[in-house]
Each structure stands twice: as structure tokens, then as C-alpha cells.
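# A look at the structure
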Amino acid sequence: VSSGGVMERLISWVDRVNRWVVSSLGLLLWAGVALVIVDILLRQINLSFGGTDEISGYLMAVVTAWGMGYTLTKLGHIRIEILRARLGDRYKSLLDLISIITLTGVVSLIATKAWPVVATTLANSSTANTPLETPLWIVQVPWFAGWVWFSIVSWIYSLAAIRFYVQAESEKMSQIAGPTESLEEGL
């Protein structure tokens, strides 16, 4: 089995998992929206669940952490492309490679540094300093898992980018680490 086939299968697998992740996150967001709407309606008759702002904040943290891996695969992270647009394919690929490797390093560092936060929460049975007194592990474990997933996706894409760069496959490189076509056309 060629390494090219393995990389393409890994990228395809990441894409399939991310489609499931994004669908699940969408359902989670809709549930959060429904909760907030019901709470707003209840406030009209002087009732309230209480804590919907806290819960929606937790939802945003989890959704953001998990959504970043998907965003990477769709080339949706913000980059400054003014220099890249003026270069040849090989230099564009080099900048794409530097970009994806740098992102992978940062994301891996964040995921690594997030674990002690979760471990301390678990060890201390920490709760939120709010009226809900939410056990923080309920939020931090999926938040941490989202960062780990983002790190895994970044590593897979970095390894693929290294392979594509070494083999001078600029088209494949651009597909996984370049800007979206509409952005590059605008420059």
C-alpha cells in the first residue's frame, strides 16, 4: 500500500468523522437555542430555568473546540494571504506547509496544557462558582476532547502536507493546506 493511498484514506476518514461531529454539534446548538427560547418565554410569566446564560457559554466552549477540526478540513481558518498570492506553486506550498505545521504545534500545545486543567477539576471535584454549581468536568471533558480531536486532525493534515510537499504535489497540498479558491482569486 502506497503512503499516498494511506494519506488519502486518513483524510477521507477525518472528513467522515467531521461530518458526524458537525451534525452532532448542530443538534447540540439547536437544543441550546431551544432552551434559551423557552427560558425567555417563561420569563414573560415570571418563571425561569435560571442559568441558561451559563449553559449556553458551556455549549459555545464545547462547540468551538470540536468545530475547529472541521474548520481546518474546510480551509476555514483565517490566514493572511497577500504574500502567498504573488508566489509560484513551490513557494506557495512551502508557506502552506509552514502554516499547517505551525498550527499543529500550537494546537498540540493547547491540548497538552488543557489536560492539567481537566485533571485538577476531576481531582478536586470542582464546581462552577455560579448558582447552578455545575460540576466542571461535565464541560471540561468534552472541551478537552475537542482540542484533542483538533490536534489529531492537525497532525494528520501536517503529515499529509509534508508528503505532498516532498513529492511536489502542489495541487494536493493546496487542497489540504491552502486558502479557499474564492479567497485566492480575490487577491
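Quantities reported herein were computed from a predicted structural model and do not represent experimental measurements.

Another point: a nonpolar patch on the surface. On the surface, a nonpolar cluster with roughly 560 Å² of combined accessible area is contributed by Ile82, Leu83, Tyr91, Leu94, Leu95 and Ile98. If you trace the backbone, tyrosine 91 turns up in helix α3 (residues 89-124). By relative accessible area, which is 55% here, tyrosine 91 ends up exposed.

Moving on: the packing of aromatic side chains. In total, this model carries three aromatic pairs according to the counting rule given. With 5.6 Å between their ring centres and 70° between their planes, tryptophan 13 and tryptophan 149 make a pair best called edge-to-face. Pair noted here: tryptophan 13 is in helix α1 (residues 3-43) and tryptophan 149 is in helix α4 (residues 137-166), with a separation of 136 residues, a long-range link. The exposure class of tryptophan 13 is partly exposed, given its relative accessible area of 37%.

As for its position among the elements, arginine 163 is in helix α4. The buried category is assigned to arginine 163, whose relative accessible area is 15%. A polar atom in the side chain of arginine 163 sits 3.3 Å from the side chain of glutamate 169.

Basis of the calculations
Residues numbered from 1 in each chain as written. Predicted model: local features only at pLDDT ≥ 70, side-chain atom pairs only at ≥ 80, totals over all residues. Heavy atoms only, no water. Patch = residues over 30% accessible without salt bridge, like charges linked within 9 Å, V, L, I, M, F, W, Y side chains within 5 Å. Areas by Shrake-Rupley, 256 points an atom, 1.4 Å probe, with all protein chains shown as cover. Salt bridge = Lys/Arg side-chain N within 4 Å of Asp/Glu carboxyl O. Helix = DSSP H or I, 4+ residues; strand = E, 2+ residues; numbered from the N terminus. Buried < 20%, exposed > 50% of the residue type's maximum accessible area, 1.4 Å probe, protein only. Phe/Tyr/Trp six-rings, centres within 6.5 Å; stacked < 30°, edge-to-face > 60°. Polar contact = N/O pair within 3.5 Å; in protein donor to acceptor, adjacent residues only side chain to side chain.

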